Amino acid sequence: MTAMTLRIPDEINASIKAGAAAAGLSLNAYIVRAAQRQAVLDSARRLASLGLGDDLGGEGDTL
């Protein structure tokens, strides 16, 4: 596991903390899940641009 330091701008700090609390997650877990989700979406968009489909295996997200 790698440790990282993240600087969150003051203007979005409260909304990120509220999102984590609403999801019942620690702030760390919430941010890691958000980063993971974005990485999956970015990869899926790359695949879609190659003509390899435009949905994420039934996860409910489309590109």
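Our structure's up above, just so we're on the same page.
As the structure is a prediction and not an experimental result, all values here were calculated from the model.

A. Representation of the overall build of the protein chain in the model. Helix and strand counts for the protein chain stand at two helices and zero strands. When the accessible surface of the protein chain is totalled, it reaches about 5200 Å², and 54% of it is carbon and sulfur.

B. The packing of helix H1 (residues 10-23) against helix H2 (residues 27-49), seen in detail. Across the interface, H1 lies against H2 with an axial gap of 9 Å and an inter-helix angle of 100°. Classified by the interaxial angle, the pair formed by H1 and H2 is roughly perpendicular. In contact with Ile 16, Lys 17, Gly 19, Ala 20 and Ala 23 of H1, H2 contributes Leu 27, Tyr 30 and Ile 31. By residue class, the composition of the contact of H1 with H2 is six nonpolar, one polar and one charged.

C. Expanded view of the pattern of salt bridges. Summed over the entire model, instances satisfying the criterion amount to one salt bridge. Between Arg 45 and Asp 42 there is a salt bridge, with the nearest N and O atoms lying 3.7 Å from each other. Taken together, the residues Arg 45 and Asp 42, both in helix H2 and three residues apart, mark about one turn of the helix. Exposure remark for Arg 45: the relative accessible area of 43% places this residue in the partly exposed category.

D. Looking closely at H2. When the terminal C-alpha atoms of H2 are compared, their 33 Å separation across 23 residues agrees well with the 33 Å that a helix rising 1.5 Å per residue should span. Downstream of H2 by one or two residues, Gly 51 has phi in the positive range, about 80°.

E. Inspection of H1 at higher detail. The terminal C-alpha atoms of H1 lie 21 Å apart, and with 14 residues this matches the ideal 20 Å at 1.5 Å per residue to within 8%. Here H1 has its buried residues at Ile 16, Gly 19 and Ala 20. Seen along its axis, H1 keeps its buried residues to an arc of 95°; they face one direction. Across from the buried face of H1, at angles greater than 90 degrees, the exposed residues are Asp 10, Ala 14, Ala 21 and Ala 22.

Reading the values: rules and limits
Throughout, a residue's number is its position along its own chain's written sequence, starting from 1. This being a predicted model, a pLDDT of at least 70 is required before a residue's local features are given, and a value of 80 or more before pairs of side-chain atoms are given or counted; all residues contribute to the totals for chains, interfaces and linings. For the side-chain quantities, the full set of heavy atoms in the structure was used; hydrogens and water were omitted. Numbering of helices and strands starts at the N terminus; helices are DSSP runs of H or I of at least 4 residues and strands are runs of E of at least 2. Where accessible areas are quoted, they stem from the Shrake-Rupley method and a 1.4 Å probe; at the residue level, only the protein chains shown are allowed to cover. Simply put, an axis is a line fit to the C-alpha atoms, just over the touching stretch for a helix, and the angle between two N-to-C directions goes from 0 to 180 degrees. Our angle categories are set so that under 35 degrees counts as roughly parallel, over 145 as roughly antiparallel, 65 to 115 as roughly perpendicular, and the remainder as oblique. Whether two residues touch is decided by their heavy atoms; if any such pair falls within 4.5 Å, the residues are in contact. Here the nonpolar group is Ala, Val, Leu, Ile, Met, Phe, Trp, Tyr, Cys and Pro; Asp, Glu, Lys and Arg are the charged ones; every other residue, Gly included, is treated as polar. Should a side-chain nitrogen of Lys or Arg be within 4 Å of a carboxyl oxygen of Asp or Glu, the pair is scored as a salt bridge. Buried, partly exposed and exposed residues are distinguished by accessible area as a fraction of the type maximum, computed with a 1.4 Å probe on protein chains only: under 20%, between the cut-offs, and over 50%, respectively. A helix's residues, less one, multiplied by 1.5 Å, set its expected span. Taking the helix axis as origin, the arc is that swept by the directions to the C-beta atoms.

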